[in-house]
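Structural features, examined
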Amino acid sequence: MSDGPSDEHLTPDDLTFLARPLLGFLTTAAGPAPPPSRPVWFEATPDGTVQLFTGPDTLKIRRLRRDPRAALIVAAPADERERWVSVAGRATIETDGAHDLAARLAARYWDLDDPVRAADLDGLLAEDQVRVVLHPEEVRRVTF
């Protein structure tokens, strides 16, 4: 098992792992309350940030507007050797690029030749969306 010290950057190996269609669990700061986590689609970018999309009035956006600290953890499926990557840092809320991101992620996670999934994507693209960009301040990883 490898659980090296944390750093601020995603490695090329991390980026390869994060390019897989895995769910991430986003946790936002919540003050004295237990921090809530939500499963999310995500994209690790070549510049080392992690981005996702969501509606502009969701709980995660309301929490991030109050406190921009967030963390995302992504784990390998249970039938593989244990591996996870955790990214923590400050999140920014961007008004551009959310629909393009949603379309890219839908193509990664869904079979868009399926008319039901294609219609689901059309529904997502018809809604207002924002892009959340997580800027890593701490990256931790475990691999067996």
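Just above, that's the structure.
What counts, and at which threshold
Residues numbered from 1 in each chain as written. Predicted model: local features only at pLDDT ≥ 70, side-chain atom pairs only at ≥ 80, totals over all residues. Heavy atoms only, no water. Helix = DSSP H or I, 4+ residues; strand = E, 2+ residues; numbered from the N terminus. Buried < 20%, exposed > 50% of the residue type's maximum accessible area, 1.4 Å probe, protein only. Salt bridge = Lys/Arg side-chain N within 4 Å of Asp/Glu carboxyl O. Contact = heavy atoms within 4.5 Å. Phe/Tyr/Trp six-rings, centres within 6.5 Å; stacked < 30°, edge-to-face > 60°. Pairing = 2+ DSSP bridges.

1. Quick word on the overall build of the chain
Broken down by element type, the chain carries 4 helices and 7 strands. Start at the N end of the chain and walk to the C end: the helices and strands fall as α-β-β-β-β-α-β-β-α-α-β. Seen along its three principal axes, the alpha-carbon backbone of the chain occupies a region of about 45 × 35 × 30 Å. In the chain, buried positions account for 42% of the 144 residues.

2. A short note on the pattern of salt bridges
Per the counting criterion, the structure on display carries 8 salt bridges. Arg-83 serves as the salt-bridge partner of Asp-13, at 3.0 Å between the closest nitrogen and oxygen. One end of the pair, Asp-13, is in helix α1 (residues 12–18); the other, Arg-83, is in strand β6 (residues 83–94), with 70 residues separating them in the sequence. Where Arg-117 meets Asp-120, a salt bridge forms, and the shortest distance between an N and an O atom there is 3.3 Å. With Arg-117 and Asp-120 both in helix α4 (residues 115–126), this residue pair falls 3 residues apart, about one helical turn. Judged by relative accessible area, Asp-120 falls into the partly exposed class, the value being 31%.

3. Quick notes on the environment of Leu-26
Summarising the element assignment, Leu-26 is placed in strand β1 (residues 24–28). As a C-alpha pair, Leu-26 and Trp-41 span 15 residues in sequence and 9.5 Å in three-dimensional space. In this structure, Leu-26 is in contact with Pro-36, Ser-37, Arg-38, Val-40, Leu-52, Lys-60, Ala-70, Ala-71 and Leu-72, ignoring residues within four places of it in sequence.

4. A closer look at the packing of aromatic side chains
Under the criterion given, the structure shown has 3 aromatic pairs. Ring plane angle 0° and centroid distance 4.8 Å describe the contact between Trp-41 and Tyr-109, whose orientation is recorded as stacked. On the criterion of sequence distance, the pair formed by Trp-41 in the loop between β2 (37–40) and β3 (43–44) and Tyr-109 in helix α3 (residues 98–109) is long-range, its members being 68 residues apart. With respect to class, Trp-41 is no different from Tyr-109; both count as buried. With centroids separated by 4.8 Å and ring planes inclined at 80°, the aromatic side chains of Trp-41 and Trp-110 adopt a geometry described as edge-to-face. With Trp-41 in the loop between β2 and β3 and Trp-110 in the loop between α3 and α4, this residue pair connects regions lying 69 residues apart in the sequence. Here a set of aromatic residues connected by ring pairs shows up, and it is made of Trp-41, Phe-53, Tyr-109 and Trp-110.

5. Focus: the pairing of strand β4 (residues 50–54)
Of all 5 residues in β4, 5 are buried; the element is thus mostly enclosed. Judged by which residues are buried, β4 turns out to be covered on both faces: Val-50, Leu-52 and Thr-54 on one side and Gln-51 and Phe-53 on the other are all buried. Here 2 bridges tie β3 to β4, and the two strands are oriented antiparallel to one another. Its bridge partner being in β4, Glu-43 is matched across the sheet by Gln-51. In this antiparallel pair of consecutive strands, β3 and β4, the connection spans 5 residues, and Gly-48 shows a positive phi of 95°.

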